[in-house]
Structure formats: structure tokens, C-alpha cells
Amino acid sequence: MKLQSYINDFKGEFHGLHGKTLGLTESQSEVYVDLTVQSALQYMQTLMMSGKIKELQTLMGGGAEALQNSEYYQRLIDQCVSSYYGLDWETDRKKNLAVHILGFVLAGLKAKFEEGGHPSTPRGVMQFLGIDLGILGKMGGLFGKWF
């Protein structure tokens, strides 16, 4: 999956930027970035499959204020925190970790998207993610609702 490849390219930077300050070892930083990404993708897939396209769109492009006020963002954070079952931190500290990781990953993906010169259109996003563009015709206007 192209998305994972992009994240693998920059996830090692998390430790120096945030992980060390948050009290993680280098290997923990990598593990918790992976766990957070997996949990976030599962949650977003659940939203998409349940028809909550508008909610997903808000999560992806609503900006910091929209995110903080979104019940779906809070559920996303909670899902990420629940994946940290091996980390014996208090819940607020785990939530802080999830917020840092999600912000880091989104910023990294945005930079990768811009570096690739992809247009900010459904087609550009599909190309960035490595999704077969032929699927656009089969899925009709679904992706048009997102963007």
C-alpha cells in the first residue's frame, strides 16, 4: 500500500521530533506510530463503510478547530489510545501521544502529497494513494462527495 510506504519514509523522524520528549524509546516511537496509523485507518474505514462520508471529510480537511470540536475526532483518539494496551501510562498522557502522532503523520503525508505534485482533486488523491483510477467510473460520485 502506497500510504504505508509514505509513512515508512518519515516515521523514523517522530522520535527526534516528539517521541523522546514524550518519554518514549526509539523503538517505542516506531511501534506507537504504527499502532496509531493502523487504528486511525480502521476507524476511518468504519466511518466510510457506515456512510459517514461528511464526517470523514471533516476529519480529513476540517482544520484544527473543527477537529477539536468533532465527536468523531474524539472517538478516533479514543480508538488509538485503546490500541496502546501495552503502554502503562495514564489515559490523558496516552491521548497526548495519539494527538502528537496523528498530527505528525498528517503533516508528513501532506508534505509527501505536495512533493509529488498531485492536484488537490479526487483524481490527484487517488493517484497519490496508488488507487486504480478506473475505479472512479465504477464508484460514481462517491469520491466527488468527499472533495
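The structure under discussion appears in the preceding block.
Heads up: these notes are all about the structure in this document.

Calculation criteria
Counting from 1, residues in each chain are numbered in the order their sequence is written. A pLDDT threshold of at least 70 governs which residues receive local features in this predicted model, and a stricter bar of 80 or more applies before side-chain atom pairs are shown or counted, although totals over entire chains, interfaces and linings include all residues. Each side-chain value is worked out from all heavy atoms of the structure, with water and hydrogens disregarded. Every helix listed is a DSSP run of H or I at least four residues long, and every strand listed is a run of E at least two residues long, numbered separately from the N terminus. Whether two residues touch is decided by their heavy atoms; if any such pair falls within 4.5 Å, the residues are in contact. Each reported salt bridge corresponds to a side-chain nitrogen of Lys or Arg within 4 Å of a carboxyl oxygen of Asp or Glu. Only protein chains enter the accessibility calculation, which uses a 1.4 Å probe; a residue whose area is less than 20% of its type maximum is buried, one above 50% is exposed, and one in between is partly exposed. Axes, fitted as lines to C-alpha atoms, cover a helix only where it is in contact. Angles between the N-to-C directions of the axes lie from 0 to 180 degrees. Orientation categories follow fixed angle ranges, with anything under 35 degrees roughly parallel, anything over 145 roughly antiparallel, 65 to 115 roughly perpendicular, and all other angles oblique. The residue classification treats Ala, Val, Leu, Ile, Met, Phe, Trp, Tyr, Cys and Pro as nonpolar and Asp, Glu, Lys and Arg as charged. All others, Gly included, are polar. In summary, the pairing rule links any two rings of Phe, Tyr or Trp, Trp by its six-membered ring, whose centres are within 6.5 Å, and it sorts them by plane angle into stacked for under 30 degrees, edge-to-face for over 60 and tilted for everything else.

**A few points about the environment of Tyr84**
With respect to the helices and strands, Tyr84 occurs in the loop between helix 6 (71-82) and helix 7 (91-115). With residues near it in sequence (within four places) discarded, Tyr84 still touches Tyr32, Leu35, Thr36, Lys94, Leu97, Ala98 and Ile101.

**So, the pattern of salt bridges**
Pairing between side chains becomes possible if they bear opposite charge and their charged atoms approach one another. Under the counting rule described, the total for this entry stands at six salt bridges. Across the pair Lys11 and Glu30 runs a salt bridge, and its minimum N-O distance is 3.9 Å. In this pair, Lys11 sits in the loop between helix 1 (2-10) and helix 2 (13-22) while Glu30 sits in helix 3 (residues 26-49), placing the two residues 19 residues apart along the sequence. Of the residues examined, Lys11 reaches a relative accessible area of 11% and is grouped as buried. Using a relative accessible area of 36% as the deciding quantity, one classes Glu30 as partly exposed. Residues Glu71 and Arg75 are paired through a salt bridge, measuring 2.7 Å at the closest nitrogen-oxygen approach.

**Observations concerning the packing of helix 3 against helix 7**
Two numbers describe how helix 3 lies on helix 7: the axes approach to 10 Å, and their chain directions differ by 80°. What the angle tells us is that helix 3 and helix 7 run roughly perpendicular. Note on element contacts: helix 7 touches helix 3 through Leu97, Ala98, Ile101, Leu102 and Val105, opposite Tyr32, Val33, Thr36, Val37 and Ala40. Residues that form the contact of helix 3 with helix 7 fall into these classes: nine nonpolar, one polar and no charged.

**Side note on the packing of helix 1 against helix 7**
Contact geometry for helix 1 and helix 7: axes closest at 10 Å, N-to-C directions at 105°. Overall, the two elements helix 1 and helix 7 adopt an arrangement that is roughly perpendicular. Residues Leu3, Tyr6, Ile7, Asp9 and Phe10 of helix 1 form the contact with helix 7, whose participating residues are Phe104, Val105, Gly108, Leu109 and Lys112. Here the contact of helix 1 with helix 7 is built from residues that sort into seven nonpolar, one polar and two charged.

**A closer look at the packing of aromatic side chains**
This model, assessed by the stated rule, comprises three aromatic pairs. With 5.5 Å between their ring centres and 70° between their planes, Phe10 and Phe104 make a pair best called edge-to-face. Placement of Phe10 in helix 1 and of Phe104 in helix 7 is noted, with a sequence separation of 94 residues between them. A residue is classified by how much of its surface remains accessible, and Phe10, at 6% relative accessible area, is buried.

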